[in-house]
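Each chain is listed here by its residues.
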Amino acid sequence: MNPQWFVYANGFSRSQAGACVKRCCDVTFALLLILFAAPLLVLIAIAIKLDSAGPVLFRQVRVGLHGRTFIIYKFRSMRHDAETGTGPAWTAECGREVTRVGGAAGLPA
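These figures come from a predicted structure and were not determined experimentally. (Residues numbered from 1 in each chain as written. Predicted model: local features only at pLDDT ≥ 70, side-chain atom pairs only at ≥ 80, totals over all residues. Heavy atoms only, no water.)

Before going further, it helps to examine the pattern of salt bridges. Applying the stated criterion to the full structure yields one salt bridge. Its salt-bridge partner being lysine 22, residue aspartate 26 comes within 2.7 Å of it at the nearest N-O pair. With aspartate 26 and lysine 22 both in helix H2 (residues 16–51) and four residues apart, this pair spans about one turn of that helix. We classify aspartate 26 as partly exposed; its relative accessible area is 36%. (Salt bridge = Lys/Arg side-chain N within 4 Å of Asp/Glu carboxyl O. Helix = DSSP H or I, 4+ residues; strand = E, 2+ residues; numbered from the N terminus. Buried < 20%, exposed > 50% of the residue type's maximum accessible area, 1.4 Å probe, protein only.)

Once that is clear, we can look at the state of the cysteines. Summed over the entire model, instances satisfying the criterion amount to zero disulfides. Unpaired in terms of disulfides, cysteine 20 finds its nearest cysteine sulfur in cysteine 24, a separation of 4.4 Å. The exposure class assigned to cysteine 20 is partly exposed, which follows from its relative accessible area of 46%. (Disulfide = S-S within 2.5 Å.)

Right, let's talk about the confidence of the model for the protein chain for a bit. Across the protein chain, the average pLDDT comes to 79, with 68% of residues at or above 70. Taking the mean pLDDT of every element in the protein chain, the minimum, 65, falls on helix H3 (residues 100–104) and the maximum, 92, on H2. (pLDDT = per-residue confidence, 0-100.)

The next thing to look at is the pairing of strand S2 (residues 69–75). Across seven bridges, the pairing between strand S1 (residues 57–63) and S2 is antiparallel. In the strand pairing of S2, valine 61 is matched with isoleucine 71. From the end of S1 to the start of S2, which pair antiparallel, there are five residues, and histidine 66 there has a positive phi angle of about 60°. (Pairing = 2+ DSSP bridges.)

So, on to a nonpolar patch on the surface. A surface patch of nonpolar side chains, about 540 Å² in accessible area, is lined by Leu40, Val42, Leu43, Ile46 and Leu50. Note on placement: leucine 40 falls in helix H2. (Patch = residues over 30% accessible without salt bridge, like charges linked within 9 Å, V, L, I, M, F, W, Y side chains within 5 Å. Areas by Shrake-Rupley, 256 points an atom, 1.4 Å probe, with all protein chains shown as cover.)

Attention now moves to the side chain of arginine 76. Mapped onto the secondary structure, arginine 76 falls in the loop between S2 and H3. Of the side chains with opposite charge, aspartate 51 lies nearest to the buried arginine 76, which makes no salt bridge, at 7.0 Å. With near-sequence residues (within four places) excluded, arginine 76 lies in contact with Ile48, Ser52, Ala53, Gly54, Pro55, Val56, Phe58 and Thr99. (Lys, Arg positive; Asp, Glu negative; His and termini not counted. Contact = heavy atoms within 4.5 Å.)

Below you can see the structure in the form of structure tokens.
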């Protein structure tokens, strides 16, 4: 094989039927993973709610393919009022804004 084969091969193009099958498989596996992870997700939500006041989930707007924005929801790992006085800022090492649950997840606590 020569290096040009990788550049000019059409192995990365996919038919409409192939794209549909891949999308169906992706959605099916994602739903199965959510189903199996649901008990752990419930435990994390309970831990966040018991640890600090405020919502369990954090809403964030992201930019995706072709500049389209979409919304993701993440578990909250910082205190609800963490950015009230300072605005958005990097978390300090031993910062007070990280919750105990967030610190257990690997964030500095």
